[in-house]
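Okay, here's what each chain looks like letter by letter:
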Amino acid sequence: MTKENRHLIRPYGDTTGDGMVQVSFTLPIKHSKVADGAALQLANKMGMEPAMVVHSKPMGDDFTFFVVYGQVNHLVDTDKVQVVERDFPLLTPKEANAVIKETLRRPMVVVGACIGTDAHTVGIDAILNIKGFAGEKGLEYYKEIEVVNMGAQVSVPALVEAAVTRGADAVLVSQVVTQRDAHLLNTREMSAAFREAYPAGERPLLVVGGPRFDESMTTELGVDRIFGRGTTPAEVASYLVHRTTMKEPAA
């Protein structure tokens, strides 16, 4: 590949540029040779050809899980990839504490929760709890951040009430359950409730996170920031410090 077209790339499997990819999926069909054939048919329609079923396993009586390996001819143009880049400096806890103390002159109040029926607190706890995630301490470790972790299955009205009562500067919501786009529905309900509860420009920052969110959907969901999988406590803390000290009200 020449220097001029290095932005054009193809999947790598056994050799450079061979276009080999591996995908997994489940079909509502009893495990059998016919099921394997159905999986190959789907792979062909997805543009994988030749393709082979390298693994299939029954998932109950009427479902089969597949792993398919095959070749695609598609190229990816990295010059056309659109992502949300970090647009704020990454701070250490000491630096974040110093900025909060100097600018807010009081602790920053952060309220966090898993809303709706979501009972998965791993994400919110990784960001808020002092033990943190990926070798970083959570927001409870920051001396100038007051953390209110409401836990799981918190209703939107209860979250709004807690934010108002505690004078929250920011509200963090984690959503892991995504069946039927529950994470999107819950987030829209939450953002609408905060718009109704606060005067324009006075609501706290609304931040949501989870493995299935599209980080570019902030405007559509009515929130200020979306964090995806792998986000660390330092990234969240740095963003909150950046936004709350910019003197720019939440939309």
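Residues numbered from 1 in each chain as written. Predicted model: local features only at pLDDT ≥ 70, side-chain atom pairs only at ≥ 80, totals over all residues. Heavy atoms only, no water.

### Thoughts on the side chain of Ser-191
Threshold: Strands here are runs of E lasting at least two residues and helices are runs of H or I lasting at least four, both read from the DSSP assignment and numbered beginning at the N terminus. Between two residues, a contact is recorded if the distance between any of their heavy atoms is within 4.5 Å.
Residue placement: Ser-191 occurs in helix α5 (residues 182–197). Setting aside residues no more than four positions away along its own chain, Ser-191 makes contact with Leu-206, Leu-221, Gly-222 and Val-223.

### What about the environment of Tyr-142?
Selection criterion: Think of it in three bands: residues with accessible area under 20% of the maximum for their type are buried, residues over 50% are exposed, and the middle band is partly exposed, with areas taken using a 1.4 Å probe on protein chains only.
In this structure, Tyr-142 sits in the loop between α3 (122–128) and β7 (145–149). Taking the relative accessible area as the measure of exposure, Tyr-142 reaches 2% and is therefore buried. For Tyr-142 and Ile-130, which are twelve residues apart along the polypeptide, the C-alpha to C-alpha distance reads 8.6 Å. Apart from the residues within four sequence positions on either side, Tyr-142 is in contact with Pro-93, Ala-96, Asn-97, Lys-137, Pro-233, Ala-234 and Ala-237.

### Here we look at the sheet that holds strand β9 (residues 205–209)
To keep it simple, the criterion reads: At least two DSSP bridges between two strands are required for those strands to pair. Interaxial angles span 0 to 180 degrees and are taken between N-to-C directions of axes, which are lines fitted to C-alpha atoms, for helices over the stretch in contact.
Taken together, five strands build an open sheet; the order of strands is β7-β6-β8-β9-β10 and the sheet is parallel. Looking at strand neighbours, the two that pair on one side only are β7 and β10 (225–227), the edges of this open sheet. Going from strand to strand, the sheet's axes swing by 20 degrees on average, the running direction of each strand aside. Bridge count between strand β6 (residues 108–113) and strand β8 (residues 170–174): four bridges; the pairing is parallel. Among the inter-strand pairings, Gly-112 is bridged to a residue of β8, identified as Leu-172. Contacts from helix α4 (residues 156–166) reach β6, β7 and β8 within the one sheet, and its direction differs from that of β6 by about 165 degrees. Along the sheet face, α5 touches β8 and β9 and points at about 170 degrees away from the line of β9.

### Topic: the sheet that holds strand β3 (residues 51–58)
With antiparallel pairing, the three strands of this open sheet are ordered in space as β2-β4-β3. The open sheet has two edge strands with one neighbour each: β2 (20–27) and β3. Within this sheet the neighbouring strands show an average axis-to-axis angle of 15 degrees, counted without direction. The strands touched by helix α1 (residues 33–45) are β2, β3 and β4 (64–71); relative to β3, the strand with the most contacts, the crossing angle is about 135 degrees.

### Digging into helix α2 (residues 93–103)
Note the cut-off: In this description, one arc is meant: the one made by directions from the helix axis to the C-beta atoms.
Taken residue by residue, α2 has Ala-96, Asn-97 and Ile-100 as its buried positions. Viewed along the axis of α2, the buried residues span an arc of 100 degrees, placing them on a single side of the element. More than 90 degrees from the buried face of α2, the exposed residues found are Lys-94 and Glu-102. Tucked inside the fold, the buried residues of α2 contact β6, β7 and α7 (233–244). Positioned one or two residues after α2, Arg-105 has a phi angle of 60 degrees, which is positive.

### Describing the side chain of Ser-174
Secondary-structure assignment places Ser-174 in strand β8. Apart from the residues within four sequence positions on either side, Ser-174 is in contact with Ala-113, Cys-114, Ile-115, Asp-118, Gly-123, Ile-124 and Gly-209.

### Re unusual backbone geometry
Residue Glu-49 is joined to Pro-50 through a cis peptide bond whose omega torsion reads 0 degrees. Here Pro-50 lies in the loop between α1 and β3.

### Thoughts on the domain arrangement of the chain
We apply this condition: Each domain's extent was defined by an automatic or database domain assignment.
Structurally, the chain comprises domain 1 (3–78) and domain 2 (93–245). Taking the mean C-alpha position of each, domain 1 and domain 2 sit 37 Å from one another.

### Regarding the packing of aromatic side chains
Geometrically, a pair of aromatic rings is defined through the distance of the ring centres and the angle of the planes. For the record, the criterion: Working definition: a ring pair exists when centres of Phe, Tyr or Trp rings (six-membered ring for Trp) sit within 6.5 Å. Plane angles under 30 degrees give stacked, over 60 give edge-to-face, the rest tilted. Ring-over charges, as used throughout, are those where CZ of Arg or NZ of Lys falls within 6 Å of the ring centre and within 35 degrees of the ring normal.
What the rule picks out here adds up to five aromatic pairs. With a centroid separation of 6.0 Å and 15 degrees between ring planes, the pair formed by Phe-194 and Tyr-198 is classed as stacked. A single burial state applies to Phe-194 and to Tyr-198, both of which are buried. One residue, Arg-86, lies across the ring of Phe-88, its end atom 6.0 Å from the ring centre.

### Concerning the packing of α4 against α5
Rule in force here: Orientation is classified from the angle alone, with under 35 degrees giving roughly parallel, over 145 giving roughly antiparallel, 65 to 115 giving roughly perpendicular, and any other angle giving oblique. Throughout, a crossing is termed right-handed when the near helix is turned clockwise from the far one, and left-handed when it is turned anticlockwise from it by less than a right angle. Each residue is assigned to one class: nonpolar for Ala, Val, Leu, Ile, Met, Phe, Trp, Tyr, Cys and Pro, charged for Asp, Glu, Lys and Arg, and polar for all the others, Gly among them.
Interaxial distance between α4 and α5 falls to 10 Å at its minimum, and their mutual angle equals 45 degrees. With respect to α5, the element α4 is oriented oblique. Remark: the crossing between α4 and α5 carries right-handed chirality. Residues Val-156, Leu-159, Val-160 and Ala-163 of α4 lie in contact with α5, whose contacting residues are Glu-189, Met-190, Ala-193, Phe-194 and Ala-197. In the contact of α4 with α5, the residues fall into eight nonpolar, no polar and one charged.

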